[in-house]
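Residue strings, one per chain:
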Amino acid sequence: MWEFIFKDNKDISGCGVSGIINVKGSLIPGDLIIKSITCQEERGNGLGAGFAGYGIYPDFKEFYALHVMAEDKNSLERFERFLFQQVKAIYHEPIPTRKVKTIKNPPIFKRYFVKLELEEQLPTEEEENKLIEMVMYINANLNGVYILSSGKNMGVFKGVGFPEEIAEFFKIDEYQAYIWTAHNRFPTNTPGWWGGAHPFSLLDWSIVHNGEISSYGTNKRYLELFGYKCTLLTDTEVVTYLLDLLIRRHKQPIKLACTALAPPFWMEIERLEEEEKNLLEALRIVYGGALLNGPFAIIFAYNGGIVGLTDRVKLRPLVVAKFEDFYYLASEEAAIRTICPNPELIWYPKAGEPVIIEMPMGTIPNQKSYA
Amino acid sequence: MSVILNVENWSYTKVNQYLREKILEGETEFELHGVNGHRYLFAGIKQKIKAKILGVPGLDLGCFMSGPEIYVYGNVQDACGNTMEEGKIVVYGMAGDVIGYSMRGGKIFIKGDVGYRVGIHMKAYQDKHPVIIIGGKTGDFLGEYMAGGTIIVLGLLSQHPEKPITGKFLGTGMHGGVIYIRGELDPFFLGKNLKISPINEEDLTYLKTILTEYCADMDENLESIINDRFSKITPVSHRPYGNLYAY
Amino acid sequence: MKPINFSSFYPDFYVERLENKCIKCKICIKECTYEVHTWDEKKKILKEDHSKCVGCHRCEAMCPTNAIIIKRHPSQFREHHLWNPYFIKNIYKQADKGGVLLSSTGCDLPLKIYFDHLVIDACQVTNPPIDPLREPMELRTYIGSKPEKLEVEKTETGYKLKKALPPLIKLEMPIIFAGMSYGAISLHIHQGLARAAKELGILYNTGEGGLHSSLYEYKDHTIVQCASGRFGVNVDYLNAGVAIEIKIGQGAKPGIGGHLPGEKVNEEISKTRMIPLGTDALSPAPHHDIYSIEDLRGLIYALKEATEYKKPVFVKVAAVNNIAAIASGIVRAGADAVVIDGIRGGTGAAPTMFRQYVGIPIELAISAVDKRLREEGIRHKTTLIASGGIRCSADVVKAIALGADVVAIGTPLLIAVGCTLCQRCYTGKCPWGIATNNPELIKRLPPEVVYEKVYNLMNAWRSEIKEMLGAMGLNSIESLRSNRDKLRAIGLTKEEMEILEVKHAGE
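About the cut-offs
- Residues numbered from 1 in each chain as written.
- Chains lettered and ligands numbered in written order.
- Predicted model: local features only at pLDDT ≥ 70, side-chain atom pairs only at ≥ 80, totals over all residues.
- Helix = DSSP H or I, 4+ residues; strand = E, 2+ residues; numbered from the N terminus.
- Buried ≥ 20, exposed ≤ 12 C-beta atoms within 10 Å, placed from the backbone.
- Contact = placed C-beta atoms within 7 Å.
- Nonpolar A, V, L, I, M, F, W, Y, C, P; charged D, E, K, R; others polar.
- Pairing = 2+ DSSP bridges.
- Core = buried A, V, L, I, M, F, W, Y, C linked by C-beta atoms within 7 Å.
- pLDDT = per-residue confidence, 0-100.
- Expected span 1.5 Å × (residues − 1).
- Axes fitted to C-alpha atoms, helices over the stretch in contact; angles between N-to-C directions.
- Parallel < 35°, antiparallel > 145°, perpendicular 65-115°, else oblique.
- Left-handed = near helix turned anticlockwise from the far one by under 90°.

## Notes on the overall build of chain A
For step 1, the next point in the chain: Assigned secondary structure in chain A consists of 10 helices and 18 strands.
For step 2, the next point in the chain: Seen along its three principal axes, the alpha-carbon backbone of chain A occupies a region of about 60 × 45 × 45 Å.
For step 3, the next point in the chain: Here chain A holds 371 residues, and 55% of them are scored as buried.
For step 4, the next point in the chain: Here the analysis covers contacts within chain A between residues at least 6 apart in sequence; of these, 76% occur between residues at least 24 apart.

## Structural notes on the interface of chain A and chain C
For step 1, the next point in the chain: On the chain C side, the residues contacting the 38 residues of chain A number 38 residues.
For step 2, the next point in the chain: Every element with two or more residues in the side of chain A that touches chain C is listed here: α5 (216-224), α8 (266-269) and α9 (274-286) of chain A.
For step 3, the next point in the chain: Taken together, the residues of the side of chain A that touches chain C break down into 18 nonpolar, 13 polar and seven charged.

## Description of the sheet that holds strand β23 (residues 503-504) of chain C
All names here are of chain C.
For step 1, the next point in the chain: With respect to topology, three strands assemble into an open sheet ordered β6-β22-β23, the strand pairing being mixed. With one partner strand each, in any of the chains shown, β6 (118-120) and β23 form the two edges of the open sheet.
For step 2, the next point in the chain: Looking at chain direction, strand β22 (residues 487-489) and β23 are connected through two bridges and run parallel. The partner of R488 across the bridge, within β23, is K503.

## So, the nonpolar core
For step 1, the next point in the chain: Among the nonpolar cores identified, the biggest contains 228 residues, and V338 and I340 of chain C are the most heavily contacted of them.
For step 2, the next point in the chain: Among the elements that line this core, the one with the most residues is helix α14 (residues 447-471) of chain C, at eight residues.
For step 3, the next point in the chain: The residues touching I340 of chain C, leaving out its near neighbours within four places in the chain, are V317, A319, I323, A327, I362, A365, I366, V369 and A386 of chain C.
For step 4, the next point in the chain: Counting 119 residues, the second largest nonpolar core, distinct from the first, contains F169, W180, V238 and F296 of chain A.

## Some thoughts on helix α7 (residues 254-261) of chain A
For step 1, the next point in the chain: Burial analysis of α7 of chain A places seven of its eight residues in the buried class, which makes it a mostly covered element.
For step 2, the next point in the chain: Buried within α7 of chain A are the following residues: I254, L256, A257, C258, T259, A260 and L261 of chain A.

## Quick look at the confidence of the model for chain B
For step 1, the next point in the chain: When pLDDT is averaged across chain B, the result is 94; 99% of the residues are at 70 or more.
For step 2, the next point in the chain: Note on the complex model: pTM 0.91, ipTM 0.89.

## Notes on the interface of chain B and chain C
For step 1, the next point in the chain: At the interface, 41 residues of chain B touch 33 residues of chain C.
For step 2, the next point in the chain: Among the secondary structure elements, those contributing two or more residues to the side of chain B that touches chain C are α1 (12-24), β8 (147-153) and β12 (245-246) of chain B.
For step 3, the next point in the chain: For the side of chain B that touches chain C, the element with the highest residue contribution is α1 of chain B, accounting for three residues.
For step 4, the next point in the chain: Counted by class, the side of chain B that touches chain C contains 19 nonpolar, 14 polar and eight charged residues.

## Let's talk about helix α2 (residues 201-218) of chain B
For step 1, the next point in the chain: End to end, α2 of chain B covers 25 Å across 18 residues, agreeing with the expected 26 Å (1.5 Å per residue, within 8%).
For step 2, the next point in the chain: When we look at burial in α2 of chain B, the residues that qualify are L207, L211, Y214, C215 and M218 of chain B.

## Some details on the sheet that holds strand β18 (residues 355-358) of chain A
Residue and element names in this part refer to chain A.
For step 1, the next point in the chain: Ordered in space as β11-β12-β13-β14-β18, the five strands form an open sheet in which the pairing is antiparallel. The two strands at the open ends of the sheet, each matched to only one other strand, are β11 (200-202) and β18. Pairs of neighbouring strands in the sheet enclose a mean axial angle of 15°, with direction left out of account.
For step 2, the next point in the chain: One ladder, built from six bridges, connects strand β13 (residues 296-302) with strand β14 (residues 305-310); its direction is antiparallel. Within β14, the residue paired with I299 across the bridge is G308.

## So, unusual backbone geometry
For step 1, the next point in the chain: Cis geometry is adopted by the peptide bond preceding P199 of chain A, which originates at H198 of chain A and carries an omega value of 10°.
For step 2, the next point in the chain: Counting through the fold element by element, P199 of chain A comes out in the loop between β10 (179-187) and β11.
For step 3, the next point in the chain: The phi dihedral of D219 of chain B is positive, around 60°, even though this residue is not glycine.
For step 4, the next point in the chain: Tracing the sequence through the fold places D219 of chain B in the loop between α2 and α3 (222-226).
For step 5, the next point in the chain: In this structure, L421 of chain C is a non-glycine residue whose phi angle is positive, near 60°.
For step 6, the next point in the chain: Within the secondary structure, L421 of chain C is located in the loop between α12 (411-416) and α13 (439-442).
For step 7, the next point in the chain: Given 17 C-beta atoms within a 10 Å radius, L421 of chain C is considered partly exposed.

## A word on the packing of α5 of chain A against helix α6 (residues 235-249) of chain A
All names here are of chain A.
For step 1, the next point in the chain: Their axes nearest at 10 Å, the elements α5 and α6 cross at an angle of 45°. As judged from the angle between their axes, α5 and α6 are oblique. Handedness of the α5/α6 crossing: left-handed. Contact residues: Y216, N219, K220 and L223 in α5; D235, V238, Y241, L242 and L245 in α6.

This is how it looks when you write it as structure tokens:
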């Protein structure tokens, strides 16, 4: 049934995005992110919407939270048999949902809080690599199930519908998080498939994206060199893997990783001082395969921060605002004003210059910092 | 004073870098100990320095070099003197295959046997005239495609006393230069379009000069060598493949 | 009995002289190096020997009154699908002369031209095309080995590199000039190409004939070639460019060496090749220091040691059946760039059987190599340069989308300076002054003209490539590399599409 997702057609879509962070780690009710994304209703067409929340599972914060969707009971059972051989599940339950009139025949959703059963303690990075490997294997090889997210103390809720419908369905209003991101989708070529909605997530990376990446074929092939399998054929998936490669595996600071994705032009690089010029020249030479060409604005989040980035000539919009401990990112200013009418600061980031908002270290459990 | 180095645990890149640095500092004599398989020693070096190598250097000893004099107290491996332009390599031992490939100038003296395809595509040009002298015997394809220079085979000292002095296909495609073989040569071993002739006065004068230098380096007796018969091999034409094509 | 030459009975071309236009100025006699035109003093008329005409069109172009038309000779053999005139005439030639058939330029058989079965994508609505006249469009490309990841360290103000990158060559567009030796082509062409390469911020290639002293000033835009004959190769030569190319083979004649006949080795060529006047310059089929892949590594590092690791070393091979595995071996042997020349790659002289029938088309080779290097996880560390049959800027774009970093061109440059593809370069009599070093003939094509024509051509291609990139929504050439999504096939089989990794149009 779900084979179509692995068809060779790349997803093309336009969209709206929103994100909120409280840098003190205070929890933000889900209502706010719902309000912000539904304010950008016109940017979607009812074929996809989703949310990612960080800090939503304080009781299970030490476990990888797997959000899983399944086509039917059989697929789910097959998946569970496989999963329980691989990991220890501390707790699992259906993801609570409401009936929504307009949503017909949704898939089954369950969440599993798991840890890897290892003979010896591995460094975090290696443990995470193992988890990623398992998630990728399941998503590529097990029919009828799909893991939507797999990070600690975070989760992705997404599906086919308008944002308010998906929020209603997943009871987003009942969650609280210190980081939220949301997406409203306007796909032009794929029928709505719940797994194809955004955010896209891997470990605690989650990403929402607006635009179309013209360099998709180049980026996908580049990622394959490092073992990433781009099964979803969406730009968002590619962006997520690029960030994972550059930031988590190659240990590039976020700023440089973002510069690799949206580098300055050669003519700009030529004008820089020797040291910076050499750095950026080398960055473009080594990471040419990671350059995201074409229009995009992305918001990505992880346990500890949120980042906004636009393409190198700013073909897609992004607005950022600050109010007290809150930072807001969205495609449209109105989406911020609707939940924060009088921000202290509001600005339009420059093309290719990332906006990186991190919490001070020690704010939340399992915190990561890449800045 | 020689710069004496034990390079046993050094990479070849490090050895060459060090040599270059020292040469730039003005050093002119070197002694390398512990050489075993270090490739490309003295590659591309242009200064007229002297060096002793103790051990067995790796492939491409003195490749592209244009000046140094190298004395090897041991055997040399394949491709020694590859595309060398000037200088001298003296080997007090045997040598592998493809010695002096495409060599344009300078001298290579080998005390013992050499392998296959030695002196291929040697060429002379203007004041450059490459010379290879082999004290022992050679494998097949000696002087293949040879376009200039001189190869002399003496057959004095060999691991293969029962074998003929050279291998088969000697001088295949040769279109310049001269090969001298001490003693008679069975035309069976010869490539096509070559002629064997006895040496003349001019040849003898040349042989005397060059063999004097060889004998001095190798501590051999010139008299006993020069008084032997030599066969001279030269190409019939500078254009061995002139009639190969139909237009 | 007078020898019979069957091959002279059936000329390929027919020289038609329009008597009403001809003013008997005899320019045609002077221009034709094949002695087609003669003057009959007794009858005071111009005569022509059709059998000598090679179809270069020089006389036609130079005739001040347009009185000459060169046509295919109308004389016909009886139709026979198998025994067409091409094969009949070749047999006559070989029966007359008893030699190997010789040809110039690349394979002229109607093998499938894959470039012509690929179409290019453009943006409509979902992402915007970019107008290169208004916005930056980056064609800059670097050749050489690249590390897998960058090591940086923090500074007070930001970050800096921990370690400089290995030597890389910067190109301002992803095109370089293919190796064509001085000897095969005239010195004037080398001089013009070198100057054009400098102005364009790209590279030209000496070919295997050494480097003429007048060209040392173009160092930063020179690739020096080291082929099996090692002509003109010494350490100064190796250091005279920015890169060294080991030529293992070329597309027009994979598996065999080269041969510059002694009559072409004049004073200047002898100096440049460092061989005596008038001797044949023979390049053996293999480098005799390379009989295996580990020997290739030997030569690569011999060159690197000799030039102190300051120059990237390229390895050029012909595209043959196993090209993917060969290319992978070359990268692993330490080459900084792999140059692959397809079956249509040009030549000054190649045995006809090789030119026509040995090797594979470059389009398939690029894709296969790109795929293999990806599977092995080494594609991003090296540079893939493709050549052999690139005819226009769209071919360049397609080659890059199939996986090349850079393309090398030769024949288009020669056409740009007047070549009419008569395919008789091996005679050394090129009436256009291209494939010759006859001092009188080379005057017909001064270096300035070469420079201007080649610069114009490249300038035009550069604009076209920018337009095509912009239409695809890309503003930097690296986003086109291996981007098969930007191509679609028309009329290819499933197998061909699999090799090229492209979908069919409509998919």
